[in-house]
Amino acid sequence: MGLEILIENVLNALAAGITIGCIYGLMCIGLGLIFGIMKVVNFAQGELLMLGMFASLYLVTGGGVLAFLGPFVGPFVGAILAGPIVFVGGALLHKALIARVSGLRTAGTLDEGHFGQLIVTLGISLILQNGGLILFGSTPLTVRTPLASRAFEIGPVYGDATVFLNKARLIACAVAIITAVGLWLLLEYTRLGKALRAAADNPTAATYMGIDVERAYRIAFGLGSGITAIAGGLMATYLSFSPFIGLDYVIIMYSGVVLGGMGSILGAFWGGLTVGFVQQCSALVLPPQLQNAAIFVVFLLIVMLRPQGLFGRSAERA
Amino acid sequence: MRQGAAPRLRRDLIALAVLSAAYLAATLFVTNSYYQLILTLVPIWAVFGVGWNILSGYGGQLSFGHASFFGIGAYVTTLALVYWDLTPWLGIPLGMIVGGVAAILIGMPTFRLRGHYFALSMLAYPLAILYVLQYLGFQEVSLPMHRENPAAYLEFTDPRLYTVVAVGLLIAGIVACMLVENSRFGLALLAIRQNELAAEAAGLNSWLWKMRAITASGVIAAAAGGLYACVLLVVTPDSVFGMLVSAQAVVVTLFGGVAAVWGPVIGAAILVPLASTLNAELGNILPGIQGVVYGAAMIGIMLAAPEGLFWTVRDAVRQRRTPAAAPRPQPAPPSQVRAAPPPPATARPARLHADRPLLVVENLSRAFGGLRAVSQVSFSVNAGEILGIIGPNGAGKTTLFNLLNGVLSADEGRAELDGVSLRGRKVHQVARLGVGRTFQVVRAFPRLPLRDNVIVAAYGAGLSDAAAIAASEAALAKVGLSAQADLPAGQLTNKQLRLMELARALAGQPRLLLLDETLAGLGRDECEDVLDVLARLRDEGMTIVIIEHTMHAMMRIADRFVVLDHGRVLASGLPRQVVEDRSVIEAYLGKKWLAKQEA
């Protein structure tokens, strides 16, 4: 009997870990894209996630324009459409603020402009959090879908042990994977993708090749924002959120991106997947209040144990 | 005490006394309890900013998680009062001790990281503590009231007395910061912030200085947190460990002035009343207004005046004054360089026997992936000679230096200075053994005056204050830069910068100098001046290894050559022999050229 419960708990944690992990993976890709292409340290990525959640919320609930889609399809369409909305927001943010402390302006300076980027994005993060509080209020909200309380049952696999696959998360997971693959195709096989990769590789040379590097960066920042926002919209279907949710997730995102190796899109996905997996499995042994603390500990461990892959300046040219 | 610190310190102390007196006098006339609270909070947040400034301003280690220390101070003070009935007069010092210990525990692993990883990791600590406290059930802890003898428990019926205590704490914090700023501690931090590798090469153990900085920083932040709890009489994890708390330290200091004693004070005096007033007036309709104001202040100051108000205003004032009052000292004419006074008698390394090599390098190798950047390199340097290392671009010359002075670790081989192995030593340890180094791209501390740039290395060598001042003066005189000693390094010409780096290396009392393309980017005349300085150093018994491209200069100065190509030693010997070596000509000019010559 005890064994059956244990097996059931473990299997369900694994299932939840993989589905949530894929969504985290998508979320991390957004941050990984921005760092990988622009070398910008974006502290406000968590708030972009939050914006994705609210964008989806306002699209599909209450009097939103997509409310007619109903509670089954709507939340997922809303999540996907949060992408382009936040893309525009991100691109504007880059044009107005980020571009002033990054890109060709800071290339070759002593710290590549990271100090300025940290401060400016921390400022953006504070404004979005607290501005969000003003606009959206502090009540925890969620994009309701009946699917969140329905599950596919697999089993019983051992005795009475059954695996439950939450339908909302399963669909969200599928959308996340499709989005990630779509982004990969975009980067790999289109002119735009080539330009982005060239701008990432060597901005100065890319400029000489006629690539508008600032525009490429703007698009990259928008893409990174939009991708994370889609992940946010997907997460909004199964958890409740408030304007301050970004703080928890910015740490998760950096854990994933660092784990996967900075700058690699695929790595960011695997990193996010792993972190989500670990987080869900930690639910087996930790009380719920400590799960978030566990994420920070995991983050610190990841950052401490893999420092060589982390700061590109370790092999600084003397 | 640093050179020239005394007048500045006296001026700052007078300003501190006058400002504190004026602030307290103004406090007497405020009767509205809300404004009284703001008057108390300004110095508290300023203290917090002062603490942050030591680590992140002077030391440049950006921390987004200083709420850890603030919150620890607040919670230790509160819990000690609640559970042990310990008066905050002792509880706050206890909190400071715990804060300092926490800073050491946090610093030890986290200083393995740099830049944004450090900043981000620091953020994780307060958030993790926040969740743990919530889990432990300390959501909201009130400080109990003491009706009898309240002052003994830091409780006052007249709220203005809280302001007095807060100002007292701020004075202590500012004095502590002044002591840091005007000692070798502050100079070490400024040097590390501006160029960590150069600081290491000057003999500073940057890890140790950073640990000291975070400890001092944590102690001060904990003091601010402890008093904050006493003033507000209730603590919650969010109010002392939250993101806004960490942001507060960042924003008041950035806004007021990074790495300036007065920065956090100016920032707090402007931003705290502004944000509090807005919060009081508009908090009901716009609940997050305080955070928005802080965020906007951060972005605005970063884009408009990235060093903060203090420096921007000071630079503006100085610029207006400079043309009239004190024209900038002109760079010394070349003749002055040649006529540099003989070096004063400082401890100079005794000249070794010329038949005994000072530096022995054997089979030193280092690969980056598949690229063998330095491969089986062997040579030796006799005491008192100048060895020139030449070779085409990418030959591994700089990598060789990096292996010798600890920037990189060798895969195999041996490198010994006077019988002591250099392998496995950190950069600052190699420097302390007596290896001075200059860099291919000058690594100055641009904001520091020339004399401070140089004295860093004297401190790095472990000299006392007086000896360090003497050593740096002597080094500056040797390279002929005494007249420019007060100029910020950022204003020097290329030649002066090269000579400055040389002086810095000399101030560290080296036995061996490693000079990486010291002549790069210099005109012919400038080259001659630097070569003269080098020749004079050799005549005084200095041993020098120099990397150089220009064959002409090398022929003039070097006693022997080592030629590197593709990481290997191609040839070595007397200059004349080496330049006539077939393989050397081939490496430099190509096979075709050689064939044409022979045809």
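Residues numbered from 1 in each chain as written. Chains lettered and ligands numbered in written order. Predicted model: local features only at pLDDT ≥ 70, side-chain atom pairs only at ≥ 80, totals over all residues.

Undergrad: Can you tell me about the overall build of chain B, naming the residues and giving the values?
TA: For chain B, the helix and strand inventory stands at 25 helices and twelve strands. Principal-axis analysis of the C-alpha atoms places the extent of chain B at approximately 100 × 55 × 45 Å. Buried positions account for 53% of the 599 residues belonging to chain B. Put simply, of all contacts in chain B between residues at least 6 apart along the chain, 74% involve residues at least 24 apart. (Helix = DSSP H or I, 4+ residues; strand = E, 2+ residues; numbered from the N terminus. Buried ≥ 20, exposed ≤ 12 C-beta atoms within 10 Å, placed from the backbone. Contact = placed C-beta atoms within 7 Å.)

Undergrad: Account for the overall build of chain A, naming residues and giving values.
TA: The helix and strand inventory of chain A stands at eleven helices and two strands. Taken from N to C terminus, the helices and strands of chain A fall in the order α-α-α-α-β-β-α-α-α-α-α-α-α. A compact globule built from 318 residues would reach a C-alpha radius of gyration of about 20 Å, and chain A, at 20 Å, matches this within 12%. Over its C-alpha atoms, taken along the principal directions, chain A stretches across nearly 65 × 50 × 40 Å. Each of the 318 residues in chain A was classed as buried or not, and the buried ones make up 54%. Restricting to contacts in chain A with at least 6 residues of sequence separation, those with at least 24 account for 76%. (Rg over C-alpha atoms; globule rule 2.2 N^0.38 Å.)

Undergrad: Can you explain helix H18 (residues 450-460) of chain B? Please cite residues and give values.
TA: Residues and elements named next belong to chain B. Along H18, eleven of the eleven residues are buried, which leaves the element largely enclosed by surrounding structure. Of all the positions in H18, only Leu 450, Arg 451, Asp 452, Asn 453, Val 454, Ile 455, Val 456, Ala 457, Ala 458, Tyr 459 and Gly 460 are classed as buried. Where H18 is buried, its residues touch helix H7 (184-194), helix H8 (196-201), helix H17 (427-433), helix H19 (465-479) and helix H20 (494-507). Phi for Gly 462, located one or two positions after H18, is positive at around 85 degrees.

Undergrad: Any details on the domain arrangement of chain B? Residues and values, ideally.
TA: Residues and elements named next belong to chain B. Entries for chain B in the domain assignment read domain 1 (5-241), domain 2 (351-434 + 512-522 + 543-599) and domain 3 (440-510). Each of domain 1 and domain 2 has a C-alpha centre, and the two are 50 Å apart. Listed by partner, the interface residues are seven residues for domain 1 and six residues for domain 2. Here the residues of the side of domain 1 that touches domain 2 sort into four nonpolar, two polar and one charged. (Domains from an automatic or database assignment. Nonpolar A, V, L, I, M, F, W, Y, C, P; charged D, E, K, R; others polar.)

Undergrad: Pulling in residues and values, what's your account of the interface of chain B and chain A?
TA: Residue-level contacts link 41 residues of chain B with 41 residues of chain A. Per element, the largest residue contribution to the side of chain B that touches chain A is 13 residues, and it comes from helix H5 (residues 115-136) of chain B. Classifying every residue of the side of chain B that touches chain A by side-chain character gives 30 nonpolar, nine polar and two charged.

Undergrad: Report on the pairing of strand E10 (residues 543-547) of chain B, specifying residues and quantitative values.
TA: Residues and elements named next belong to chain B. Burial runs high along E10: five of the five residues are buried. What you see with E10 is no split at all: Thr 543, Val 545 and Ile 547 on one side and Ile 544 and Ile 546 on the other are buried throughout. Pairing analysis gives four bridges linking strand E5 (residues 386-390) to E10, with the strands arranged parallel. Paired with Gly 388 across the strands is Ile 546, a residue of E10. Two elements, strand E9 (residues 512-516) and E10, share five bridges in a ladder whose sense is parallel. In the strand pairing of E10, Asp 516 is matched with Ile 547. In this fold, the crossover linking E9 to E10 by way of helix H21 (residues 524-539) has right-handed handedness. (Pairing = 2+ DSSP bridges. Right-handed = clockwise from strand over helix to strand, strands pointing away.)

Undergrad: Can you tell me about the packing of helix H4 (residues 114-136) of chain A against helix H13 (residues 289-304) of chain B, naming the residues and giving the values?
TA: In the contact formed by H4(A) and H13(B), the axes pass within 7 Å of each other and the chain directions differ by 155 degrees. In terms of axis orientation, H4(A) runs roughly antiparallel to H13(B). Judged by the sense of rotation from one axis to the other, the crossing of H4(A) with H13(B) is left-handed. Residues A:Gly116, A:Ile119, A:Val120, A:Leu122, A:Gly123, A:Ile124, A:Leu126, A:Ile127, A:Gln129, A:Asn130 and A:Gly131 of H4(A) lie in contact with H13(B), whose contacting residues are B:Gly291, B:Val292, B:Tyr294, B:Gly295, B:Ala296, B:Met298, B:Ile299 and B:Met302. Within the contact of H4(A) with H13(B), the residues separate by chemical class into twelve nonpolar, seven polar and no charged. (Axes fitted to C-alpha atoms, helices over the stretch in contact; angles between N-to-C directions. Parallel < 35°, antiparallel > 145°, perpendicular 65-115°, else oblique. Left-handed = near helix turned anticlockwise from the far one by under 90°.)

Undergrad: Summarise the nonpolar core; cite the residues concerned and give the values.
TA: Counting 314 residues, the largest nonpolar core has A:Ile23, A:Ala220 and B:Ala503 as the members making the most contacts within it. Of all the elements, helix H1 (residues 2-38) of chain A adds the most residues to this core, at 16 residues. (Core = buried A, V, L, I, M, F, W, Y, C linked by C-beta atoms within 7 Å.)

Undergrad: Describe in detail the confidence of the model for chain B, supporting the description with residues and values.
TA: Where the model shows low pLDDT, its predicted coordinates should not be examined in detail. All names here are of chain B. Residues with a pLDDT of 70 or more make up 94% of chain B, whose mean pLDDT is 87. Considering only residues more than four positions removed or in separate chains, one finds that residues 324-353, a stretch of pLDDT under 50, has 37 contacts. Here the predicted complex scores 0.86 on pTM and 0.86 on ipTM. (pLDDT = per-residue confidence, 0-100.)

Undergrad: Please provide a residue-by-residue account of the confidence of the model for chain A, values included.
TA: Averaged over all residues, the pLDDT of chain A equals 85, while 93% of them reach at least 70. pLDDT under 50 marks residues 308-318 of chain A. Its contacts with residues more than four places away, or in other chains, come to 18 contacts.

Undergrad: Mind laying out helix H12 (residues 263-282) of chain B, listing which residues take part and the relevant values?
TA: Taking 1.5 Å per residue, 20 residues should reach 28 Å; H12(B) reaches 28 Å between its end C-alpha atoms and fits that length. Listed as buried for H12(B) are B:Gly263, B:Pro264, B:Val265, B:Ile266, B:Gly267, B:Ala268, B:Leu271, B:Val272 and B:Ala275. (Expected span 1.5 Å × (residues − 1).)

Undergrad: Tell me about the sheet that holds E5(B), residues and numbers included.
TA: Residue and element names in this part refer to chain B. Ordered by their spatial adjacency, six strands build an open sheet running E8-E9-E10-E5-E11-E12, and the pairing between neighbours is mixed. Here the strands that pair on one side only, and so sit at the sheet edges, are strand E8 (435-437) and strand E12 (568-573). Strand-to-strand twist across the sheet, computed as the mean angle between neighbouring axes with direction ignored, equals 20 degrees. Two strands pair when backbone bridges link them, and E5 and strand E11 (residues 560-565) are joined in this way by four bridges, in the parallel orientation. The partner of Ile 389 across the bridge, within E11, is Val 562. Running over the sheet, helix H24 (residues 582-589) touches E11 and E12 and is turned about 125 degrees from E12.

Undergrad: With reference to specific residues and values, describe the environment of B:Ala410.
TA: Residues and elements named next belong to chain B. Its place among the elements puts Ala 410 in the loop between helix H16 (397-404) and strand E6 (412-417). You can call Ala 410 buried: it has 23 C-beta atoms within 10 Å. If we ignore the near neighbours within four places in the chain, the residues touching Ala 410 are Leu 364, Ser 365, Arg 366, Leu 403 and Arg 423.

Undergrad: Could you give an account of unusual backbone geometry, naming the residues involved and the relevant values?
TA: All names here are of chain B. The phi dihedral of Leu 233 is positive, around 65 degrees, even though this residue is not glycine. With respect to the element layout, Leu 233 can be found in the loop between helix H9 (206-232) and strand E2 (234-235). One non-glycine residue, Asp 418, lies in positive phi territory at about 50 degrees. Exposure remark for Asp 418: the 16 C-beta atoms within 10 Å place this residue in the partly exposed category.

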